[in-house]
Amino acid sequence: MDYIKVFVTGGVICVIAQILMDKTKLMPARVLVIYVSLGTFLTGLGIYEHVVEFGGAGATVPLIGFGYSLGKGVIEAVKTSGFLGVFTGGMTATAGGITAALLFGYLAAVLFKPKDTK
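Residues numbered from 1 in each chain as written. Predicted model: local features only at pLDDT ≥ 70, side-chain atom pairs only at ≥ 80, totals over all residues. Heavy atoms only, no water.

### Side note on the packing of helix 2 (residues 28-45) against helix 5 (residues 63-81)
What counts here: A fitted line through C-alpha atoms serves as each axis, taken over the contacting stretch for helices, and the angle formed by two N-to-C directions is quoted from 0 to 180°. The numbering of helices and of strands both runs from the N terminus, where a helix is a DSSP run of H or I of at least 4 residues and a strand a run of E of at least 2. Roughly parallel means an angle under 35 degrees; roughly antiparallel, over 145; roughly perpendicular, 65 to 115; everything else is oblique. What makes a crossing left-handed is the near helix being turned counterclockwise from the far one by less than a right angle; a clockwise turn instead makes it right-handed. Contacts are assigned to residue pairs with any non-hydrogen atoms lying within 4.5 Å of each other. All amino acids are sorted into three groups, where Ala, Val, Leu, Ile, Met, Phe, Trp, Tyr, Cys and Pro are nonpolar, Asp, Glu, Lys and Arg are charged, and the leftover types, Gly among them, are polar.
Packing of helix 2 against helix 5 brings their axes to within 7 Å, and their N-to-C directions diverge by 40 degrees. On the basis of the axis angle, helix 2 is oblique to helix 5. Remark: the crossing between helix 2 and helix 5 carries right-handed chirality. Touching Leu-32, Tyr-35, Val-36, Leu-38, Gly-39, Thr-40, Thr-43 and Gly-44 of helix 2 are Leu-63, Ile-64, Phe-66, Gly-67, Tyr-68, Leu-70, Gly-71, Lys-72 and Ile-75, all from helix 5. Counted by class, the contact of helix 2 with helix 5 contains 10 nonpolar, six polar and one charged residues.

Structure below.
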C-alpha cells in the first residue's frame, strides 16, 4: 500500500506540473521556480509535512520536495541558531542535493557530445 501512496503522490505532483505547462504559457523553468517556492511556502505553513507523511518519497523527490527541504532546513536552523539560520539553514539542508546536481551535470557535459537542435 505504501508504494501506491508514493506513486499516486508523485504522479499527482507531476500531472499538475504537466497541466501547467500544457494549458498555460508557463515554461518549464517557471514551473520549476513555482514548485520550489510552493514547497518552501507550504513547509513554512506546516501543510506540506502532512503530504510527506502520506506520500513519502513521492512527495520529497520531485522539485516541490526540494522546496520542502529548504524550508525544513531553515526552520530547524532558526530554532538552533536564531535569525542567522534564515540565511544558512536552507543551504545546509540541501547541500548534498546541490552538490550531486552540479557533479552529475558536469559529468554529463564532459562525457557526452552535445548536438545542435537545428
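Once you've had a look at it, read on.
### Description of the packing of aromatic side chains
Which entries qualify depends on this criterion: By convention, a stacked pair of Phe, Tyr or Trp rings (six-membered ring in the case of Trp) has centres within 6.5 Å and planes under 30 degrees apart, an edge-to-face pair has planes over 60 apart, and any other such pair is tilted. Burial status follows relative accessibility: with a 1.4 Å probe on protein chains alone, a residue under 20% of its type maximum counts as buried, one over 50% as exposed, and anything between as partly exposed.
Within the structure shown, the criterion is met by two aromatic pairs. Relative to Tyr-68, the ring of Tyr-48 lies with its centre 5.6 Å away and its plane at 55 degrees, an arrangement referred to as tilted. Taken together, the residues span a long stretch of sequence, with Tyr-48 in helix 3 (residues 48-55) and Tyr-68 in helix 5 at a distance of 20 residues. Side by side, Tyr-48 and Tyr-68 carry an identical accessibility label, which is buried. Ring centres 5.4 Å apart and planes at 85 degrees place the aromatic pair Phe-83 and Phe-87 in the edge-to-face group. For the pair Phe-83 and Phe-87, one class covers both residues: exposed.

### Observations concerning the nonpolar core
Condition: Among the buried residues, those of types Ala, Val, Leu, Ile, Met, Phe, Trp, Tyr and Cys that are joined through side-chain atoms within 4.5 Å form a nonpolar core.
Of all hydrophobic cores here, the largest spans 10 residues; its members are Ile-13, Ala-17, Val-31, Tyr-35, Leu-42, Tyr-48, Val-52, Ala-59, Ile-64 and Tyr-68. If you list the elements that add at least two residues to this core, you get helix 1 (2-23), helix 2, helix 3 and helix 5. If one sorts the elements of this core by residue count, helix 2 sits on top with three residues. When near neighbours in sequence (up to four residues on either side) are disregarded, Leu-42 contacts Ile-47 and Tyr-48.

### Topic: helix 2
To be explicit about the condition: How far a helix is expected to stretch is found by multiplying one less than its residue total by 1.5 Å. Each C-beta atom gives one direction from the helix axis, and the arc is the one those directions make.
An ideal rise of 1.5 Å per residue puts 26 Å on 18 residues; helix 2 measures up with 25 Å between its terminal C-alpha atoms. Taken together, the buried positions of helix 2 are Val-31, Tyr-35, Val-36, Gly-39, Leu-42 and Thr-43. Buried residues of helix 2 fall within an arc of 135 degrees about the axis and therefore sit on the same side. Opposite the buried face of helix 2, at more than 90 degrees from it, the exposed residues are Ala-29, Arg-30, Phe-41, Gly-44 and Leu-45. Those residues of helix 2 hidden inside the fold are in contact with helix 1, helix 3 and helix 5. The first or second residue beyond helix 2 is Gly-46, which carries a positive phi of 85 degrees.

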